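Topology and contacts: notes
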Amino acid sequence: EEAIAACSEALRLGPGLATAQQTPGASYLALEHYDKAAVAYRQCAQLAPEDAECRRGLGHAHYLNFDFEEAIPALQQLLRLKPDDYEASNWLGKSYQALDRHEDALPLLEAAARAQPNNAEYLLDLGMTYADLGRVQDASQVQRRLSTLDRKRPADLASYMEDAR
């Protein structure tokens, strides 16, 4: 809370600085005040439309607040600014997945998993999408890959696959 107060003072002194908006946004995210984080990151994005980190923060704030429809345009803009940002690709895919838009999610999640094949989180997200699409063989293959990387996530995927049936 003290950090946010200091950020507020910095914003008062330099309200047109995009980086001044990022700091309270990050602080609000850490405190799980996602609405306030979204406001700070939205102001950041307005001040600096080409600042990828403003878009990342805005997308995360909306996603974590379960506002997936709002997360999507922020993450799409982030990917336009940074097309090789596989974290953004995964977050965008997860946003589509949360809205049951599995076909939209799949290429994004596949790209993230291909770029970082040892990232267990990306593989789990991909495996869940395969399960939702009824691609059990692909989900099982992801589960086998996960078992070489992580002890818990293969069981998470197995449970998800059971529920998806």
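Coordinates for the structure precede this section.
1. A word on the packing of aromatic side chains
Each aromatic ring pair is specified by the distance between its two centres and by the angle formed by the two planes. This model, assessed by the stated rule, comprises three aromatic pairs. Each ring, one from phenylalanine 66 and one from phenylalanine 68, has its centre 6.1 Å from the other, and the planes form 85 degrees; the classification is edge-to-face. Relative accessible area serves as the criterion here: at 68%, phenylalanine 66 is assigned to the exposed category. In this structure phenylalanine 68 comes out as buried when scored by relative accessible area, which is 13%. Taken together through their ring pairs, the aromatic side chains of Tyr63, Phe66, Phe68 and Trp91 make up a single cluster. Positioned above the aromatic ring of tryptophan 91, the side-chain terminus of lysine 94 is 4.6 Å from the ring centre.

2. A closer look at the nonpolar core
Grouped together as the largest cluster of nonpolar side chains are 28 residues, with contacts concentrated most on Leu92, Leu126, Val142 and Leu146. If you list the elements that add at least two residues to this core, you get α4 (52-64), α5 (68-81), α6 (86-98), α7 (102-115), α8 (120-132), α9 (136-147) and α10 (153-164). Not counting residues within four places of it along the chain, the set of residues in contact with valine 142 comprises Leu123, Leu126, Gly127, Tyr130 and Leu157. Counting residues in each nonpolar core, the second largest holds nine residues, with Tyr28, Leu29, Ala38 and Ala61 among its members.

3. Brief notes about the environment of asparagine 118
Considering the arrangement of structural elements, one finds asparagine 118 in the loop between α7 and α8. The exposed category is assigned to asparagine 118, whose relative accessible area is 54%. For asparagine 118 and aspartate 150, which are 32 residues apart along the polypeptide, the C-alpha to C-alpha distance reads 9.7 Å. Apart from residues lying up to four places away in sequence, asparagine 118 is in contact with Arg145 and Leu149.

Quick notes on the rules
Residues numbered from 1 in each chain as written. Predicted model: local features only at pLDDT ≥ 70, side-chain atom pairs only at ≥ 80, totals over all residues. Heavy atoms only, no water. Phe/Tyr/Trp six-rings, centres within 6.5 Å; stacked < 30°, edge-to-face > 60°. Buried < 20%, exposed > 50% of the residue type's maximum accessible area, 1.4 Å probe, protein only. Lys NZ or Arg CZ within 6 Å of the ring centre and 35° of its normal. Core = buried A, V, L, I, M, F, W, Y, C linked by side-chain atoms within 4.5 Å. Helix = DSSP H or I, 4+ residues; strand = E, 2+ residues; numbered from the N terminus. Contact = heavy atoms within 4.5 Å.

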